[in-house]
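Chains, contacts and geometry: an overview
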Amino acid sequence: MITEYAATQWDLELDDLFLTIGHRFGRVELRRRMRDYVRGLLAPVARKNSWQLAEQAGHRTPDGLQHLLAGSKWEPDDIRDDLQEYVAGKLGENDGVLIIDDTGFIKKGTTSAGVQRQYSGTAGRTENCQIGVFAAYASARGRALVDRELYLPKSWTEDRERCRTARIPDEREFATKGELARHMVLRALASPLPIAWVTADSAYGQDNRFRRLLEQSGVGYVLAVPKSQFSVGCSRIEGLFAQAPNEAWEKISCGDGAKGPRVYHWAAVRLPAVTEFDYQGEVPHRMRWALARRSISKPDEIAYYLAYTPLETTVQELVRVAGARWAIEECFQAAKNECGLDQYEVRRYVGWYRHITLAMLAHAFLAAAARESWEKGAQPVGRPGSSSSQWRRFGDSWQLVVSDPRT
């Protein structure tokens with residue numbers, strides 16, 4: 001139950017966040033619309049489009065909120081930078097993990113920026129959709145989305161007139177999802193976020209350029225790769241573990257989930273060093289691993305990882321980082337269910353970035369509010385007026401648990 005005191009504290013903390021980002025909006029009226037929009041994203045509104053958010057805010061029409069997304073002057077990248085600083089202050093830890101993944105947004109028609117029939121992992125099939133590539137930050141204090149890029153297929157970037165109609169800048173050219181991910185990693189490493197590790201699924205882990213960027217940046221990684229992955233010392237990563245004896249597999253939890261510890265059998269193999277990246281002069285300062293995760297109930301189901309780590313890293317730490325990848329799935333679920341991440345009706349490029357960034361801001365606020373409530377010894381602060389979800393403690397971190405999960 002949300003007490004009057006908790007609701008008041010919730011509002012005060014939200015006002016502090018608005019003061020932090022308010023200078024990014026030049027006019028008073030624009031700042032008010034931004035506040036109404038974010039408050040609407042946090043409110044128990046059935047469908048978080050401009051009409052229902054306007055009704056929630058007491059507006060007669062959605063024109064003001066639509067103008068906020070489509071016609072007003074403010075830069076969503078500035079809010080992204082403020083968001084990263086906010087998350088660093090509220091959730092930052094020295095062993096924090098940056099997580100890269102993408103998610104789909106099912107759309108009708110052909111005019112929404114970047115939309116086409118393409119595979120969506122969210123839907124598990126080919127759909128008419130937009131794809132967003134995201135970065136999330138996770139630590140023992142919580143997790144939140146911290147960056148985003150809209151993927152534009154070649155069917156868009158090779159049709160400049162179509163791009164202009166959707167207000168896509170002329171300078172925006174085709175970039176693979178891996179290239180978008182590399183840009184986000186560099187931004188995150190230059191931000192106040194304390195990042196010790198990067199993790200991602202095999203779509204990004206198998207990209208040699210992505211791994212080299214992380215090595216050149218001096219950040220550790222644990223990246224999923226396909227079983228056919230080639231690496232230093234092995235032609236196929238699955239071959240390293242094919243003849244592993246039973247004692248090579250250790251039962252380890254990679255973190256607590258909604259149903260308790262996620263326990264698998266894990267095996268790790270040290271790989272040969274690469275002089276260019278793994279040594280400082282004559283002294284080694286990094287080491288490489290191949291890691292395998294085997295299902296206990298279905299031992300034929302094995303996932304593989306490549307890792308690049310400081311010398312003192314343990315296998316348990318590798319497993320922790322590998323397990324952190326699921327945090328971004330939890331972020332997607334919570335941001336979509338609680339903050340309307342996928343409930344926009346904008347079609348133009350800038351509108352997508354503006355809505356997505358404000359939804360990410362709302363989600364980060366919920367994560368920070370849950371953490372601060374725990375630190376004060378109280379029950380986690382839920383969203384006032386919401387009965388569909390609550391923040392719960394799992395092990396050493398918080399997760400937003402929803403009663404009607406949608407991915």
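Note that the structure is a prediction, hence the values are computed from the model and not measured. (Residues numbered from 1 in each chain as written. Predicted model: local features only at pLDDT ≥ 70, side-chain atom pairs only at ≥ 80, totals over all residues. Heavy atoms only, no water.)

A short note on the pairing of strand β11 (residues 286-294)
Most of β11 is tucked away, with 9 of its 9 residues classed as buried. Here β11 shows a buried face lined by Arg-286, Arg-288, Ala-290, Ala-292 and Arg-294 and a second buried face lined by Met-287, Trp-289, Leu-291 and Arg-293. One ladder, built from 7 bridges, connects strand β8 (residues 260-271) with β11; its direction is antiparallel. Counted as the bridge partner of Trp-266 is Arg-293 from β11. Bridging between β11 and strand β12 (residues 302-310) involves 9 bridges; their strand directions are antiparallel. (Buried < 20%, exposed > 50% of the residue type's maximum accessible area, 1.4 Å probe, protein only. Helix = DSSP H or I, 4+ residues; strand = E, 2+ residues; numbered from the N terminus. Pairing = 2+ DSSP bridges.)

A closer look at the nonpolar core
In this structure, Val-87, Ile-100, Leu-145 and Phe-210 are the most contacted members of the largest nonpolar core, which totals 110 residues. It is helix α15 (residues 349-375) that contributes the most residues to this core, 14 residues altogether. When neighbours within four sequence positions are excluded, Leu-145 is seen to be in contact with Leu-83, Phe-134, Ala-135, Ala-136, Ile-328, Cys-331, Phe-332, Ala-335, Leu-341, Met-360 and His-363. Core analysis: the next-biggest nonpolar cluster, separate from the first, contains 10 residues, Ala-267, Leu-271, Tyr-304 and Leu-306 among them. (Core = buried A, V, L, I, M, F, W, Y, C linked by side-chain atoms within 4.5 Å. Contact = heavy atoms within 4.5 Å.)

Structural notes on the confidence of the model for the protein chain
Overall, the prediction assigns the protein chain a mean pLDDT of 87, with 89% of residues at 70 or greater. Across the protein chain, the element-wise mean pLDDT spans from 40 in strand β14 (residues 397-402) up to 98 in strand β5 (residues 197-200). Segment residues 378-407: pLDDT under 50, and 83 contacts once partners within four positions in sequence are set aside and those in other chains are kept. (pLDDT = per-residue confidence, 0-100.)

So, the pattern of salt bridges
Here the structure, examined in full by the defined rule, presents 27 salt bridges. Arg-164 serves as the salt-bridge partner of Asp-170, at 3.3 Å between the closest nitrogen and oxygen. Given a relative accessible area of 40%, Arg-164 falls into the partly exposed group. Glu-317 serves as the salt-bridge partner of Arg-320, at 3.0 Å between the closest nitrogen and oxygen. Of this pair, Arg-320 and Glu-317 both sit in helix α13 (residues 315-324), separated by 3 residues, roughly a single helical turn. The class of Glu-317 is partly exposed, set by a relative accessible area of 22%. What emerges from the salt-bridge pattern is a single network uniting Asp-77, Arg-80, Asp-81, Asp-147, Arg-148, Glu-149 and Arg-187. (Salt bridge = Lys/Arg side-chain N within 4 Å of Asp/Glu carboxyl O.)

Side note on the packing of aromatic side chains
By convention here, two paired aromatic rings are described through the distance between centres and the angle between planes. Applying the stated criterion to the full structure yields 16 aromatic pairs. When the ring of Phe-134 is compared with that of Trp-352, the centres are 6.4 Å apart and the planes differ by 55°; the resulting orientation is tilted. Within this pair, whereas Phe-134 is found in strand β3 (residues 125-139), its partner Trp-352 is found in helix α15, the two being separated by 218 residues in sequence. Just as Phe-134 is buried, Trp-352 falls in that class too. Here a set of aromatic residues connected by ring pairs shows up, and it is made of Phe-105, Phe-134, Phe-332, Tyr-344, Tyr-349, Trp-352 and Tyr-353. Lying over the aromatic face of Tyr-344, Lys-107 brings its terminal NZ or CZ to 3.7 Å of the ring centre. For the cation-ring pair, Lys-336 lies above Phe-105, with the distance from its terminal atom to the ring centre recorded as 5.3 Å. (Phe/Tyr/Trp six-rings, centres within 6.5 Å; stacked < 30°, edge-to-face > 60°. Lys NZ or Arg CZ within 6 Å of the ring centre and 35° of its normal.)

A few points about helix α4 (residues 63-70)
If you check which residues of α4 are buried, you get Gly-64, Leu-65, Leu-68 and Leu-69. Buried residues of α4 fall within an arc of 140° about the axis and therefore sit on the same side. (Arc of directions from axis to C-beta.)

Some thoughts on the environment of Asp-207
You can see Asp-207 is positioned in the loop between α9 (202-205) and α10 (208-217). Assessed through its relative accessible area of 14%, Asp-207 is described here as buried. Along the sequence, Asp-207 and Glu-179 sit 28 residues apart, while their C-alpha atoms lie 9.8 Å from each other. With residues up to four places along the chain from it excluded, the contact list for Asp-207 reads Gly-178 and Arg-182.

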